[in-house]
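# Chain and residue survey
Each chain, written out:
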Amino acid sequence: MLCTHLHVDHVGWNTMRVDGRWVPTFPNARYLFGRSEWEHWSRELPGPDRDARDDSVRPVLDSGLADLVATNHRITGEVSLQPTPGHTPGHVSVCIASRGEAAVITGDLMHHPVQCAEPDWANRFDVDPHAARRTRRAFLERCSNRSVLVLGTHFATPTGGHIVRDGAVWRFQTGSSSG
Ligand SMILES: [Zn+2]
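Residues numbered from 1 in each chain as written. Predicted model: local features only at pLDDT ≥ 70, side-chain atom pairs only at ≥ 80, totals over all residues. Heavy atoms only, no water.

Further remarks concern the coordination of the zinc ion. Summarising the metal site, the zinc ion is bound by the protein donors His5 (NE2), His7 (ND1), His87 (NE2) and Asp108 (OD), whose distances to it range over 2.1 to 2.3 Å. Considering all four donor atoms around the zinc ion, the spread of angles at the metal, 87 to 176°, places the coordination shape in the irregular class. Counting gaps between the donor residues of the zinc ion yields the pattern H-x1-H-x79-H-x20-D. Pair noted here: His7 is in the segment before strand S1 (15–18) and Asp108 is in the loop between strand S7 (101–105) and helix H4 (114–117), with a separation of 101 residues, a long-range link. Residue His7 shares its accessibility class with Asp108, and that shared class is buried. (Donors = N, O, S within 2.8 Å, 3.2 Å for Na, K, Ca; no water. Tetrahedral: all angles 85-135°; square planar, octahedral: opposite > 155°, others 65-115°. Helix = DSSP H or I, 4+ residues; strand = E, 2+ residues; numbered from the N terminus. Buried < 20%, exposed > 50% of the residue type's maximum accessible area, 1.4 Å probe, protein only.)

See below:
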């Protein structure tokens with residue numbers, strides 16, 4: 001199990017409620033959380049925003065199933081993390097490379113393909129909008145015109161496509177738009 005970051009919509013089903021207690025949903029799994037991500041959220045004050053970490057992250061740590069990893073952690077020979085901070089401090093994307101092909105799962109460094117053309121448009125949930133913009137531009141530059149399949153975590157179907165340069169910005173090209 002891997003969480004790209006610890007926002008409420010990315011930690012669901014880490015746990016489930018059994019007999020009034022939150023317990024890990026997958027007791028035979030290891031759960032990978034970014035160390036710097038957890039260090040950030042573990043300092044937040046009690047309140048409704050913290051509930052997601054309290055019911056979906058802390059019980060996993062308490063059960064001993066969590067590994068706090070570096071933001072460039074290599075999971076297997078084919079799967080590794082890439083630090084993409086800004087949306088949250090320890091945010092990571094997931095890189096997959098196998099048999100000469102490459103893909104990357106964005107996490108929340110972008111929420112919509114329009115941010116390829118408008119990389120400075122911030123999301124209101126970006127913890128550090130300036131860092132998020134820098135990360136987005138660097139990510140788009142890195143991916144552009146390479147055959148890396150970009151899987152947009154929050155993108156509507158089709159979620160997979162390629163980043164192509166378009167003047168000073170970029171475009172998200174999917175199978176249906178490559179025509
Ligand atoms: Zn998020």
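Looking now at the pattern of salt bridges. Per the stated rule, a full pass over the model turns up eight salt bridges. Of the charged contacts in the structure, one is a salt bridge between Glu44 and Arg53, with a shortest N-O distance of 2.8 Å. Across this residue pair, the class does not change: Glu44 and Arg53 are buried. Of the charged contacts, one joins Asp54 and Arg50 as a salt bridge, the two residues approaching to 3.1 Å between their closest N and O atoms. Looking at Asp54, the relative accessible area reads 29%, which means it is partly exposed. Arg50 sits in the buried class, given a relative accessible area of 18%. (Salt bridge = Lys/Arg side-chain N within 4 Å of Asp/Glu carboxyl O.)

With respect to the secondary-structure elements, Glu37 resides in helix H1 (residues 35–41). Although Glu37 lies buried, it forms no salt bridge, and the closest oppositely charged side chain, Arg53, sits 7.0 Å away as judged by the N-O distance. Residues within four places of Glu37 in sequence aside, it is in contact with His5, Leu6, Thr88, Pro89, Gly90 and His91. (Lys, Arg positive; Asp, Glu negative; His and termini not counted. Contact = heavy atoms within 4.5 Å.)

Spatially, six strands are ordered S5-S6-S7-S8-S9-S10 in an open sheet, and the strand pairing comes out mixed. Each edge of the sheet is formed by a strand with only one pairing partner; in this case those strands are strand S5 (79–83) and strand S10 (169–173). Between one strand axis and the next, the sheet turns by 35° as a mean value, whatever way the strands run. Relative to S10, strand S9 (residues 160–166) runs antiparallel, the two sharing five bridges. Following the sheet pairing, Val164 is matched in S10 by Arg171. (Pairing = 2+ DSSP bridges. Axes fitted to C-alpha atoms, helices over the stretch in contact; angles between N-to-C directions.)

It is worth spelling out the environment of Phe26 at this point. Relative to the assigned elements, Phe26 resides in the loop between strand S2 (21–24) and strand S3 (31–34). Sequence separation of Phe26 and Met1 is 25 residues, and the distance between their C-alpha atoms is 8.6 Å. Excluding residues that lie within four positions of it along the chain, Phe26 makes contacts with Met1, Trp13, Tyr31 and Leu65.

Turning next to the domain arrangement of the protein chain. In terms of domain boundaries, the protein chain breaks down into domain 1 (8–69) and domain 2 (79–173). Centre-to-centre separation of domain 1 and domain 2, based on C-alpha positions: 25 Å. Residue-level contacts link seven residues of domain 1 with nine residues of domain 2. Summed over both partners, the interface of domain 1 with domain 2 comes to about 540 Å²; 64% of that surface belongs to carbon and sulfur atoms. Contact with domain 2 buries area across many residues of domain 1, yet His10, Glu37 and His40 alone supply 60% of it, more than any other trio. Remark: the boundary between domain 1 and domain 2 carries zero salt bridges. Between domain 1 and domain 2 we count six residue pairs in polar contact (both at pLDDT 80 or more) in total. Its residues placed into classes, the side of domain 1 that touches domain 2 shows two nonpolar, three polar and two charged. (Domains from an automatic or database assignment. Buried area = accessible area lost by both parts, 1.4 Å probe. Polar contact = N/O pair within 3.5 Å; in protein donor to acceptor, adjacent residues only side chain to side chain. Nonpolar A, V, L, I, M, F, W, Y, C, P; charged D, E, K, R; others polar.)

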